[in-house]
Amino acid sequence: MVCHDTTGTYKKFPAGCGHPAYEEKKMGKKVFIPVDLRNVARHVGRTSRKTCGTCHFYGGGGDGVKHGDLDSSLLTADKNLDVHMDAGGLNFGCTRCHTTMAHRIAGRFYSSPSTDRYRLALPDDDGSRIACESCHSRRPHRTNRKLNDHTDRIACETCHIPALARVNPTKMWWDWSKAGRFDENGRMIVKKDDKGRIIYHTKKGEMRWATNVMPEYEWFNGVITHVLLSDRIDDSRPVRLTQIHGSCSDPASRIYPFKKFRGKQPYDPVNKTMVVPRLFGKKGTGAYWAEFDWLKSVKAGMDAAGAPFSGKVGFVETEYLRPVAHMVAPGKDALSCDECHVEKGRLEKLRGFYMPGRDRNRVLDTTGWAVVGIALMGILIHGLMRIITRSEGRRRK
Amino acid sequence: MKEKIYLYTGFERFWHWTQAMLITGLLVTGFEIHGTVDLMDFGTAVKYHEMLAWGLTGLTVFAIFWHFTTGEWKQYRPTLEKMGDMVCYYTGGLFRGAPPPVKKTPEKKLNPLQRITYFILKVLLFPFQLLSGFLYMYYNSLPAWGIDISLETLGLLHTAGAFAFLAFMVVHVYLSTTGETVTSHLRAMITGWESVETGRQ
């Protein structure tokens, strides 16, 4: 329904496990009136950016929280924001790229290898993945042959999405350890920035937002694994909750852009595992949003998940890398050569391969300049001797 | 006694100066790509480097053709004859104002030191640099051609070649001032005519 509703009245009840309100319900101060399902059913239509965006733009609890490349600014995107979803131009809906076969939406990251071997991602020929290459081919550049030489090692998105969240901000930092503070009257604190984004909430902690975020770059072969409750973590440094697989020595890997979402999360410092806290519920259930006690909340959550818990809660810094594929900028805004082929460029952190302009062999360079230097010294001395001997010769005459 | 002789034909002068410009351009854009100098952006440097490389290749093909049809290639045959005299001249006689031990004639334009240098330049350095350069340019097609060489190795070899060219040019430009007067070699390369000593004192 939510995908096919064209009336815009179909709303899910937040705590309804996916169901809308069938009778009038209250959630805090918000009233949810029952959806006229008959009317919605009579007005089903094709999906659109709006219907898919109902969920995907607001993932993580708000506009642009989870993704830096999928937010409500795409509803009215111009060409500079997204060449494909440009409302005044190509005006693609999500399903122009995420083609569907019997409701199986194309495009999965989690377990498929990258599409290196295929020029066209035909349905089911590689799971069902979509890629820029499906429409543009591997050699889309007509004017600059060198760019086509890059597509085997660099994903299109890397050059064509120069920055994330170019219109609406995206959440970059979420510190749960700061949650649970109240003002002097014992009321919850909600602080907003000048754009109306929440930067502190008693229930959720501290957050930071940013626009025009430069993505992180990693070698990626299409496989992402996640830290599970059963995995031991190393709490001496930030925990990478998503592990991006791939390396430059793997020919199936390419350099992809990612949004790096950082934050602080509760964990079990004795068992060294991540934990699932219980957030939602009534007083007495351990729910954090009712009792504001992490110990009770984690205990309730871990019990429900059937996972071991030591009884201690700490906070650990975490990173979550998420691949980026939307907000493709026009060709003129694509990365210029100098963004990579320099020292301290965008790919500075990625090593193990030779990139002209950034990498060089110190021994060779030193030797080379030494040889040139010796040649210069040689001619300088020779020249000086010529000048001296000539003036001496003249004097003798 | 002095005499003016016509040493360099029109083609040779054209070849020399075009080559000089191309190689200078390749050095500048090459060291830009390498990250040593910063005069233009990387993309522009790559574009011009490729254009200049094609220019130099075309010119070289032309020059090879010319040398073989005219038989002028024989000028570069290395010889040991008077090699020692030339070394003595550059390290001694030159300072005293002695005449060069080898007389330039249109049939023998190059002294033994020049011969060996240009021979190495043409038979080793040029092919080396053109080959490593073209492998670099077509790096993406190498696997399809069954060539297994890393970009790093190619970059290293091509940079080493560039240093050799640069060192050569430094010395070459300097030695052009060791003629009858400081500019007489240079003038000969422009006009074709060089004044040389006739007979030995």
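Residues numbered from 1 in each chain as written. Chains lettered and ligands numbered in written order. Predicted model: local features only at pLDDT ≥ 70, side-chain atom pairs only at ≥ 80, totals over all residues. Heavy atoms only, no water.

Trainee: In this structure, what is going on with the overall build of chain B? I would like to understand it.
Mentor: Counting its secondary structure elements, chain B contains 6 helices and 2 strands. The proportion of buried residues among the 201 residues of chain B is 44%. Taking the contacts inside chain B whose residues are at least 6 apart along the sequence as the reference set, 70% of them involve residues at least 24 apart. Carbon and sulfur atoms make up 69% of the accessible area of chain B, which totals about 10900 Å². With 16 positive and 15 negative side-chain charges, chain B shows a separation of 13 Å between the mean positions of the two kinds. (Helix = DSSP H or I, 4+ residues; strand = E, 2+ residues; numbered from the N terminus. Buried < 20%, exposed > 50% of the residue type's maximum accessible area, 1.4 Å probe, protein only. Contact = heavy atoms within 4.5 Å. Areas by Shrake-Rupley, 256 points an atom, 1.4 Å probe, with all protein chains shown as cover. Lys, Arg positive; Asp, Glu negative; His and termini not counted. Charge placed at Lys NZ, Arg CZ, Asp CG, Glu CD.)

Trainee: What is the right way to read the overall build of chain A from this model?
Mentor: Per the secondary structure count, chain A includes 9 helices and 15 strands. In summary, chain A has a C-alpha radius of gyration of 29 Å against a globular reference of 21 Å for 397 residues, an excess of more than 25%. Out of the 397 residues in chain A, the part that is buried amounts to 40%. Considering chain A, the positive charge centre built from 67 side chains and the negative charge centre built from 44 side chains are found 2 Å apart. (Rg over C-alpha atoms; globule rule 2.2 N^0.38 Å.)

Trainee: Looking at this model, I keep getting lost on the state of the cysteines. Mind explaining?
Mentor: The term disulfide refers to a covalent linkage connecting the sulfur atoms of a pair of cysteines. Residue and element names in this part refer to chain A. In total, this model carries 0 disulfides over all chains according to the counting rule given. There is no disulfide at cysteine 52, and the cysteine sulfur nearest it, in cysteine 94, is 3.8 Å away. A disulfide-free cysteine, cysteine 340 has its sulfur positioned 6.0 Å from the sulfur of cysteine 159, the nearest such atom. (Disulfide = S-S within 2.5 Å.)

Trainee: In this structure, what is going on with the packing of aromatic side chains? I would like to understand it.
Mentor: Each aromatic ring pair is specified by the distance between its two centres and by the angle formed by the two planes. All names here are of chain A. Tallying each qualifying case throughout the model produces 21 aromatic pairs over all chains. Note on tyrosine 288 and tryptophan 294: the rings are 3.8 Å apart at their centroids and 20° apart in plane angle, and the pair reads as stacked. Of the residues examined, tryptophan 294 reaches a relative accessible area of 13% and is grouped as buried. Through pairs of rings, three or more aromatic residues link up here, namely Trp174, Trp176, Phe182, Tyr288, Phe292, Trp294 and Phe315. (Phe/Tyr/Trp six-rings, centres within 6.5 Å; stacked < 30°, edge-to-face > 60°.)

Trainee: Can you walk me through the domain arrangement of chain A in this structure?
Mentor: Where interface size is quoted, it is often the accessible area lost as the parts come together. Under the domain assignment used here, chain A contains domain 1 (1-45) and domain 2 (62-140 + 147-275 + 313-335). Of note, the centres of domain 1 of chain A and domain 2 of chain A, computed from C-alpha atoms alone, are 28 Å apart. (Domains from an automatic or database assignment.)

Trainee: It is not clear to me how the interface of chain B and chain A should be interpreted in this structure. Could you clarify?
Mentor: The partner chain A presents 26 residues to the 32 residues of chain B that form the contact. Overall, the association of chain B and chain A removes approximately 2700 Å² of surface from exposure, summing both partners, and the carbon and sulfur fraction of that is 65%. For the chain B face of the interface with chain A, the top three residues by lost area are Phe42, Phe95 and Tyr174 of chain B, together amounting to 25%. Our count for the contact surface shared by chain B and chain A stands at 1 salt bridge. (Buried area = accessible area lost by both parts, 1.4 Å probe. Salt bridge = Lys/Arg side-chain N within 4 Å of Asp/Glu carboxyl O.)

Trainee: Looking at this structure, I do not really get the pairing of strand 8 (residues 205-210) of chain A. What am I missing?
Mentor: Side-chain direction in a regular strand flips from residue to residue, so the side chains alternate between the two faces of the sheet. Residue and element names in this part refer to chain A. The sheet contact formed by strand 5 (residues 170-175) and strand 8 spans 5 bridges and is antiparallel. Looking at the pairing, threonine 170 lines up with alanine 210 of strand 8. In sequence, strand 7 (residues 198-201) turns back onto strand 8 through a hairpin of 3 residues. (Pairing = 2+ DSSP bridges.)

Trainee: Could you clarify how one ought to interpret the packing of helix 2 (residues 42-70) of chain B against helix 4 (residues 112-137) of chain B in this entry?
Mentor: In a pair of packed helices, the angle between the axes and the distance between the axes together describe the arrangement. Residue and element names in this part refer to chain B. In the contact formed by helix 2 and helix 4, the axes pass within 11 Å of each other and the chain directions differ by 140°. One element, helix 2, and the other, helix 4, form an angle in the oblique class. Crossing hand, helix 2 versus helix 4: left-handed. In this structure, helix 2 contributes Glu50, Ala53, Trp54, Leu56, Thr57 and Thr60 to the contact, and helix 4 contributes Phe126, Leu130, Phe134 and Met137. Among the residues forming the contact of helix 2 with helix 4, the class breakdown is 7 nonpolar, 2 polar and 1 charged. (Axes fitted to C-alpha atoms, helices over the stretch in contact; angles between N-to-C directions. Parallel < 35°, antiparallel > 145°, perpendicular 65-115°, else oblique. Left-handed = near helix turned anticlockwise from the far one by under 90°. Nonpolar A, V, L, I, M, F, W, Y, C, P; charged D, E, K, R; others polar.)

Trainee: What is the right way to read the pattern of salt bridges from this model?
Mentor: When the charged atoms of two side chains with opposite charge come close together, those side chains can pair. All names here are of chain A. One pass over the full model with this rule turns up 27 salt bridges over all chains. Put simply, glutamate 206 and arginine 208 hold a salt bridge, and the shortest N to O gap is 3.9 Å. For glutamate 317, the salt bridge goes to arginine 262, with nearest N and O atoms at 3.1 Å. Residue glutamate 317 is found in strand 15 (residues 314-323), and its partner arginine 262 is found in strand 13 (residues 254-268); the two are separated by 55 residues along the sequence. Judged by its relative accessible area of 25%, glutamate 317 falls in the partly exposed class. Note on arginine 262: relative accessible area 29%, which makes it partly exposed. Among the charged side chains, a salt-bridge network with shared partners connects Glu216, Glu218, Arg240, Lys260, Glu319 and Lys349.

Trainee: Sorry, what's going on with helix 4 of chain B here?
Mentor: Residue pairs three or four apart in sequence face the same way in an α-helix, which turns once every 3.6 residues. Between the first and last C-alpha of helix 4 of chain B there are 36 Å, a value that for 26 residues agrees with the 38 Å anticipated at 1.5 Å per step. Where helix 4 of chain B begins, one side-chain oxygen reaches toward the backbone nitrogen of leucine 113 of chain B, 2.8 Å away; that side chain belongs to asparagine 111 of chain B. (Expected span 1.5 Å × (residues − 1). Polar contact = N/O pair within 3.5 Å; in protein donor to acceptor, adjacent residues only side chain to side chain.)

Trainee: Please explain the environment of glycine 64 of chain A as it appears in this structure.
Mentor: All names here are of chain A. Within the secondary structure, glycine 64 sits in the loop between helix 2 (49-56) and helix 3 (94-97). Between the C-alpha atoms of glycine 64 and asparagine 144, which are 80 residues apart in sequence, the distance is 35 Å. Setting aside anything within four residues of it in sequence, one finds glycine 64 in contact with Phe57, Leu70, Asp71, Pro169, Thr170, Lys171, Trp209 and Lys259.

Trainee: I tried to follow unusual backbone geometry on my own but got confused; where do I start?
Mentor: Glycine aside, a negative phi is what most residues show, and trans is what most peptide bonds show. Of note in this structure, alanine 165 of chain A is not a glycine but carries a positive phi near 50°. Even without a glycine there, the phi angle at lysine 82 of chain B is positive, about 65°. Owing to a relative accessible area of 35%, lysine 82 of chain B belongs among the partly exposed residues under this scheme.

Trainee: Looking at this structure, how should I read the environment of valine 276 of chain A?
Mentor: All names here are of chain A. Looking at the element boundaries, valine 276 is found in the loop between strand 14 (273-274) and helix 7 (288-291). Along the backbone, valine 276 and isoleucine 379 are 103 residues apart, and their C-alpha atoms lie at a distance of 75 Å. Not counting the four nearest positions on each side in its chain, valine 276 is found in contact with Leu229, Ser297, Val298, Gly301, Met302 and Ala305.

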